[in-house]
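# Fold and contact review
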Amino acid sequence: MNDVTALLGRETTLLRCQAGLAGGGAVLLTGPGGIGKSAVLDAMAAEASASGTLVLRSGSSALEAGLPHLALYDLFAGPLAEPDARVGGPGDGLIAPHLRAALDVALLRAPALVSGSALSADWSADRSADQLALRVAVLELLRALAARRPVLLVLDDAHCLDQESARVLSFAARRIGGHRVQVLATERLTEGAEPSCLDLLPEPVTELGLNPLPPAVIDELLRTRGRLTPSDPVTGRIRLASGGNPGYALELAQAASRLPTAIRADDPLPVPRRLHVPHADRLATLPRATLDALLQLGAVSRLSAAHVDQAAHAGHGVHADHRAHGDHAAQAARPGADRQALAPALAAGLLVHGPGGEPHFAHPLLRELVYADATPEERRQCHARLAAELEDPLERARHRALACPEPDPGLAAELAAAARIAVDRGAPALAAELARLAAERTADEPELAADRLLDAARHAHDAGQGEAAEQACAAVLRTANRAARVGARLLLVQLAGGDRSSVPALLDAAQADAGEDPRLRAAVQLHRAEHALSTGRCDLGLAELAEAERHAQHSGDPEQQIEVIALRTPIEMQLRPDRVLPSLRQAAALAAGRPAAALTAASIQVRCCRVVWLLRAGSVTEALAEVDELRREVEGAGRLKDLADVLHLVASANERAGRCAQAYQAGRYGGRLRRELGPTPAPGLVLSAAAELNGGTVERATELATAAVRAAEAAGDIEWAAYAVGLLGRADLLGGRFPQAAEHLGRCRSLLRGLGYTDPALFLVDADLVEALCASGAPEQAWRALEEATSEVARLDRQVLRLGLARARALLTARDGDPRGAADELRARLPRAHPYPLERARALLTLGDLERRARRRAAARADLRAAAEVFATARCLPWLAHTQERLARLDGVDGPAPALSDLEGRIVELVRGGATNRQIATTLHVSVKSVEGSLTRLYRRFGVRDRTELTARRLVG
């Protein structure tokens with residue numbers, strides 16, 4: 001495939017194309033321009049060519065539709081020009097000479113009168129015979145080519161074929177059955193229209209309509225090909241305007257990139273001329289009153305849709321407050337929309353009726369197009385009318401600002417108040433925009449303007465809009481507001497991410513600005529402490545933290561005191577576990593007098609610390625309940641940056657609870673957010689790799705973890721490098737690469753210890769390290785690692801880790817020559833239940849191996865089956881597959897799995913993608929009963945019981 005990014009979100013479509021062509025016939029891809037039909041066609045053509053199929057392609061256009069036989073030339077000029085070694089001349093021997101002559105004339109390869117050929121002047125004058133000869137020539141040429149190898153005719157934009165070529169291809173399509181000729185065509189269709197080129201396609205024909213791509217896929221497309229970060233505000237604008245059309249999205253991104261300055265939220269989105277042309281004629285015929293009404297409708301729906309999109313992008317759905325905000329704005333706009341004036345736009349198809357009868361744009365691109373076509377003065381007048389009509393304070397303030405670009409103290413205060421309301425509604429991106437507008441409208445009060453700019457930066461940071469936050473911070477640093485400059489520099493420290501090289505200078509400058517102000521000094525000291533701790537200087541970090549606490553108590557700011565506790569508690573978990581609960585209770589008391597809606601970074605961090613404490617203490621059910629509640633609150637507040645961190649904890653909690661499907665989903669979502677929002681990709685890659693080890697594949701986990709190691713090392717981020725190399729070690733262990741596993745797991749532990757992270761419950765590495773060292777023939781190192789871990793577990797009273805250490809000790813005992821005694825000892829320590837179900841499954845897996853070595857095969861089989869049952873219940877697919885392979889070896893089923901037929905292979909692939917039996921039947925054009933029968937046979941053949949176990953098996957085809 002030439003460009004895999006062009007196929008994002010089209011995996012199922014490719015499978016359906018393959019299924020449609022598998023039995024001969026044709027596939028017709030339909031949809032509007034830019035939806036990705038040609039991208040799918042390119043991928044299918046490349047795949048067919050790689051498999052040895054002869055691909056003949058025509059690319060038609062409306063401008064060339066009047067040129068006769070152009071499509072035939074595109075398709076057949078190449079094959080006719082290729083020399084045939086068996087005959088001598090180019091294309092000779094494929095078809096009879098008189099038919100070849102007719103085809104050469106049509107393709108302008110010979111004059112109409114060909115000397116020395118069977119074509120006479122009288123025959124040329126016979127138009128009917130001429131047309132028949134050409135049709136038969138193409139049919140015979142296709143048959144001749146198909147006799148040598150399969151042929152795929154690719155007709156891009158088949159609706160633009162010249163009439164003469166279309167007639168010839170229709171003739172051939174009706175007569176090519178039984179030969180190895182397939183046709184793949186695309187046709188541009190608007191919604192509800194019927195295809196017009198079915199006559200060009202041999203039966204059976206599979207029609208596939210391409211749907212818009214989901215927002216996440218459009219974001220990824222804009223990132224990989226449009227070079228826009230998902231956190232960039234213009235990305236959301238383009239995502240909405242594209243309506244899921246990838247071609248539209250990329251053209252809008254290219255137009256935006258050509259502008260000399262960045263697009264602000266109140267600027268119109270530039271619409272390229274190519275996207276404007278299809279609608280220009282319809283817009284040009286509308287009366288002035290209709291254009292004014294469209295502009296008003298567009299101005300309202302454009303803002304409301306953007307705000308709801310911000311909320312939807314923050315989670316898996318739109319928070320109720322955002323829905324209420326968007327619905328309220330839309331309702332308030334209706335009195336200003338003249339239904340009678342909009343009638344011509346409805347008749348022209350520019351508008352359609354919504355479910356409630358209200359008019360809205362037929363495509364969201366039209367909204368931006370109408371807004372961009374208006375003059376600046378027309379837009380200002382429109383916003384002024386809307387501001388007078390709307391009741392929602394956020395919408396009213398927003399439209400007033402767009403109507404009045406000059407400084408206005410009253411308007412600035414209204415915008416600042418609206419920003420606070422937006423925060424309460426969980427819309428930090430909107431709050432950032434409103435605060436920025438408030439700063440710009442603030443006149444003769446530079447100190448206040450700087451404070452509002454800092455608010456805009458902080459809201460943008462909460463919304464995950466790093467670039468907007470950095471720009472606002474830079475503007476604050478150009479002001480004389482000392483306190484605001486401190487806040488801006490400290491926010492830039494947070495935005496630095498893994499690259500900490502700029503942090504010391506920022507902290508020194510912030511401290512100089514802070515002077516002797518206790519609140520500002522406390523803020524700077526907190527960041528100094530965090531920097532020291534994150535770079536492994538624990539003693540310095542604790543000293544800085546004590547200084548921060550002194551200033552925070554002097555300032556009397558409860559939020560700063562909570563920040564101190566949030567930073568100190570993880571250290572106490574390792575050094576003074578007896579102080580953790582008192583610290584958490586102190587934080588709760590400080591927060592008690594604050595508003596219930598006050599969700600701050602410090603309060604989120606303290607709650608995360610409580611979840612971590614519960615997990616390490618084995619109170620997994622309580623931890624899950626708390627982290628799920630925290631996730632809902634953070635999603636509802638629209639705090640994308642915090643959500644990425646919380647999702648990491650959600651994934652970890654679910655993994656330890658033995659809920660690997662949930663851990664997989666949270667890890668994938670959190671990984672995507674981390675990659676989109678973070679300054680470096682390492683944290684996101686780590687989360688994605690961990691997700692794969694829960695519910696994906698070892699191979700993909702290895703790829704992601706390797707990429708995470710490289711990214712973390714490039715950024716100088718020791719902590720994330722440690723996690724990445726630890727996950728790589730886990731993948732090595734699953735893959736049986738024990739020396740590499742020992743190296744990676746050992747390095748993980750060393751890096752974490754270098755940072756002062758000695759708690760074995762932080763990252764479960766010790767038992768796996770002992771297993772890898774034992775299997776690698778390094779028993780002395782393994783015993784030493786085991787004793788060190790055992791001592792630390794005892795010091796911190798980490799009861800949940802004792803089973804893992806017992807598993808590791810049993811492996812070492814068995815290596816010393818007593819597998820039977822090791823098995824008996826481990827079985828005696830095996831509990832009926834465990835807070836971490838996967839730890840119990842790992843112990844059962846080890847027990848099965850020990851029993852096999854002790855030649856107690858029945859016991860070994862029972863233990864392995866019990867382990868497989870736990871992994872299957874948890875939906876931990878990599879470990880389930882690993883356990884089933886152990887069972888297969890125990891039962892003497894070695895070697896590769898039985899081969900799959902093409903149909904079975906496609907069924908397994910769709911099952912892995914989560915498709916239901918009915919969806920599989922629809923995709924493969926078979927009955928549901930056929931799918932059920934095939935699955936039953938697959939279960940029996942591979943010795944599995946359900947779809948989960950089938951998915952986990954490593955099947956070969």
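What counts, and where the lines are drawn
Sequence order sets the numbering: in each chain, residues are counted from 1 along the sequence as written. This being a predicted model, a pLDDT of at least 70 is required before a residue's local features are given, and a value of 80 or more before pairs of side-chain atoms are given or counted; all residues contribute to the totals for chains, interfaces and linings. Just so you know, side-chain values use all the structure's heavy atoms and leave hydrogens and water out. Elements are defined by DSSP. Helices are runs of H or I of four residues or more, strands are runs of E of two residues or more, and each kind is numbered from the N terminus. Buried residues are those whose accessible area, probed at 1.4 Å on protein chains only, stays under 20% of the maximum for their type, while exposed residues exceed 50% and partly exposed ones sit between those limits. In this description, contact between two residues means that some pair of their heavy atoms is separated by no more than 4.5 Å. Residue exposure ignores everything except the shown protein chains as possible cover, and the areas themselves are Shrake-Rupley values with a 1.4 Å probe. Throughout, nonpolar core names a set of buried Ala, Val, Leu, Ile, Met, Phe, Trp, Tyr and Cys residues whose side chains join them through atoms within 4.5 Å. Here a cavity is any set of points on a 1 Å grid over the protein atoms alone where a 1.4 Å probe fits but cannot get out, and a pocket is any open set with protein on both sides within 12 Å along at least 5 of 7 lines; a residue lines the site when it has an atom within 4 Å of a point. Grid points are joined across faces, edges and corners, and a volume is the space filled by probe spheres set on the points. At least two DSSP bridges between two strands are required for those strands to pair. Lines fitted to the C-alpha atoms define the axes, with helices restricted to the stretch that makes contact. Angles between their N-to-C directions range from 0 to 180 degrees. Orientation is classified from the angle alone, with under 35 degrees giving roughly parallel, over 145 giving roughly antiparallel, 65 to 115 giving roughly perpendicular, and any other angle giving oblique. As a working rule, the residues Ala, Val, Leu, Ile, Met, Phe, Trp, Tyr, Cys and Pro are called nonpolar, Asp, Glu, Lys and Arg charged, and the rest polar, with Gly in that last group. One speaks of a salt bridge when a side-chain nitrogen belonging to Lys or Arg is within 4 Å of a carboxyl oxygen belonging to Asp or Glu. The predictor reports its confidence for every residue as pLDDT, a score running from 0 up to 100. In this analysis, the expected span of each helix is defined as 1.5 Å times one less than the number of residues it contains. Centres within 6.5 Å make a pair out of two Phe, Tyr or Trp rings, where for Trp the six-membered ring is used; the pair is then stacked when the planes are under 30 degrees apart, edge-to-face when over 60, and tilted otherwise. Charge over a ring is defined by NZ of Lys or CZ of Arg lying within 6 Å of the ring centre and within 35 degrees of the ring normal.

### Here we look at the overall build of the protein
Each helix and strand counted, the protein has 46 helices and 7 strands in total. Expressed as a percentage of the 957 residues in the protein, the buried residues total 53%. Residue pairs at least 24 apart in sequence account for 67% of intrachain contacts in the protein once pairs closer than 6 positions are excluded. Accessible surface computed for the protein: about 40,900 Å², of which carbon and sulfur atoms make up 52%.

### A look at the nonpolar core
Counting residues in each nonpolar core, the largest one holds 108 residues, and the members touching the most others are Leu673, Leu850 and Phe871. Among the elements that line this core, the one with the most residues is helix α34 (residues 718–734), at 11 residues. Every residue in contact with Leu673, bar those within four places of it in the chain, is listed here: Leu640, Leu643, Ala644, Leu647 and Gly678.

### Some thoughts on empty space enclosed by the protein
This structure, assessed with the given rule, holds 4 cavities of 30 Å³ or more. Counted as a void, the largest cavity has a volume near 70 Å³. Leu142, Leu153, Leu155, Leu169, Ala172, Ala173, Ile176, Val181, Val183, Leu200 and Pro202 together form the lining of the largest cavity. Of all the elements in the fold, those that place two or more residues in the lining of the largest cavity are β3 (151–156), α7 (163–173) and β4 (181–188).

### A closer look at the pairing of strand β2 (residues 54–59)
Burial along β2 is one-sided: Leu54, Leu56 and Ser58 are buried, and none of Val55, Arg57 and Gly59, which face the opposite way, are. Pairing of β2 with β3, which is carried by 6 bridges, proceeds in the parallel orientation. Residue pairing across strands places Val55 opposite Leu152, the latter belonging to β3.

### Considerations on the packing of helix α3 (residues 70–81) against α7
Each pair of packed helices gets described by two things: the angle between the helix axes and the distance between those axes. Look at α3 against α7: their axes get within 6 Å of each other, and the N-to-C directions meet at 55°. Considering the angle they form, α3 stands oblique to α7. Listed contacts from α7 to Leu70, Ala71, Leu72 and Leu75 of α3 are Ser165, Val168 and Leu169. Here the residues of the contact of α3 with α7 are counted per class, giving 6 nonpolar, 1 polar and no charged.

### Let's talk about unusual backbone geometry
Across the junction of Glu203 and Pro204, the peptide omega takes the value -5°, indicating a cis bond. Counting through the fold element by element, Pro204 comes out in the loop between β4 and β5 (205–209). Positioned with a positive phi, Asp157 is a non-glycine residue whose angle comes to about 55°. Here Asp157 falls in the buried class, since its relative accessible area comes to 17%.

### Remarks on the pattern of salt bridges
Considering all chains together, one arrives at 55 salt bridges under this definition. Its salt-bridge partner being Glu414, residue Arg400 comes within 2.4 Å of it at the nearest N-O pair. You can see Arg400 sitting in helix α17 (residues 393–403) and its partner Glu414 sitting in helix α18 (residues 409–424), a full 14 residues away along the chain. Its salt-bridge partner being Glu440, residue Arg436 comes within 2.8 Å of it at the nearest N-O pair. Taken together, the residues Arg436 and Glu440, both in helix α19 (residues 428–441) and 4 residues apart, mark about one turn of the helix. Several salt bridges share partner residues, and in doing so they unite Asp824, Arg827, Glu851, Arg856 and Asp863 into one network.

### Quick look at the confidence of the model for the protein
One rule of thumb: low pLDDT means the predicted coordinates there are not for detailed reading. When the pLDDT values of the protein are averaged, the result is 83; 88% of them are 70 or greater. Mean pLDDT values over the elements of the protein span from 38, in helix α13 (residues 320–333), up to 95, in helix α40 (residues 837–853). Across residues 113–125 the pLDDT falls below 50, and counting only partners more than four positions away or on other chains, this stretch makes 13 contacts in the model. Counting interchain partners and residues more than four positions distant, the pLDDT-below-50 stretch residues 305–336 has 67 contacts.

### Let's talk about the side chain of Asp156
Along the chain, Asp156 falls in strand β3. We classify Asp156 as buried; its relative accessible area is 11%. Not counting the four nearest positions on each side in its chain, Asp156 is found in contact with Ser38, Leu41, Arg57, Ser58, Gly59, Ser60 and Thr186.

### Some words on the sheet that holds β3
Working definition: the strands of a sheet are paired by backbone hydrogen bonds and lie parallel or antiparallel to each other. Spatial strand order, β2-β3-β4-β1-β5: 5 strands in an open sheet with parallel pairing. Pairing within the sheet leaves two strands with one partner each, and these edge strands are β2 and β5. Pairs of neighbouring strands in the sheet enclose a mean axial angle of 15°, with direction left out of account. Running at roughly 150° to β2, α3 makes contact with β2 and β3 of the sheet.

### Some thoughts on helix α20 (residues 446–462)
Compared with the 24 Å implied by 1.5 Å per residue over 17 residues, the 24 Å span of α20 between its first and last C-alpha is a close match. Every buried residue belonging to α20 is among Ala449, Ala450, Arg452, Leu453, Leu454, Ala456, Ala457, His459, Ala460, His461 and Asp462, and all of these are buried.

### Observations regarding the environment of Leu880
Mapped onto the elements of the fold, Leu880 is located in helix α42 (residues 877–890). As a C-alpha pair, Leu880 and Ala868 span 12 residues in sequence and 5.6 Å in three-dimensional space.

### As for the side chain of Asp462
Note on placement: Asp462 falls in helix α20. Here Asp462 is in contact with Pro428, Gly638, Arg639, Leu640, Lys641 and Asp642, once residues within four sequence places are set aside.

### Looking at the packing of aromatic side chains
Counted according to the given criterion, the structure contains 3 aromatic pairs. Each ring, one from Trp720 and one from Tyr723, has its centre 5.4 Å from the other, and the planes form 80°; the classification is edge-to-face. With Trp720 and Tyr723 both in helix α34, this residue pair falls 3 residues apart, about one helical turn. By the burial criterion, Trp720 is buried, and Tyr723 matches it. With centroids separated by 6.0 Å and ring planes inclined at 20°, the aromatic side chains of Phe871 and Trp879 adopt a geometry described as stacked. Per residue, the accessibility class of Phe871 equals that of Trp879, and both read buried. An aromatic cluster is built from Trp720, Tyr723 and Phe763, whose rings are joined through pairwise contacts. In this structure, Arg175 packs its charged tip against the face of Phe171, placed 3.9 Å from the ring centre. Taking NZ or CZ as reference, Arg379 lies 5.3 Å from the ring centre of Tyr371, over its face.

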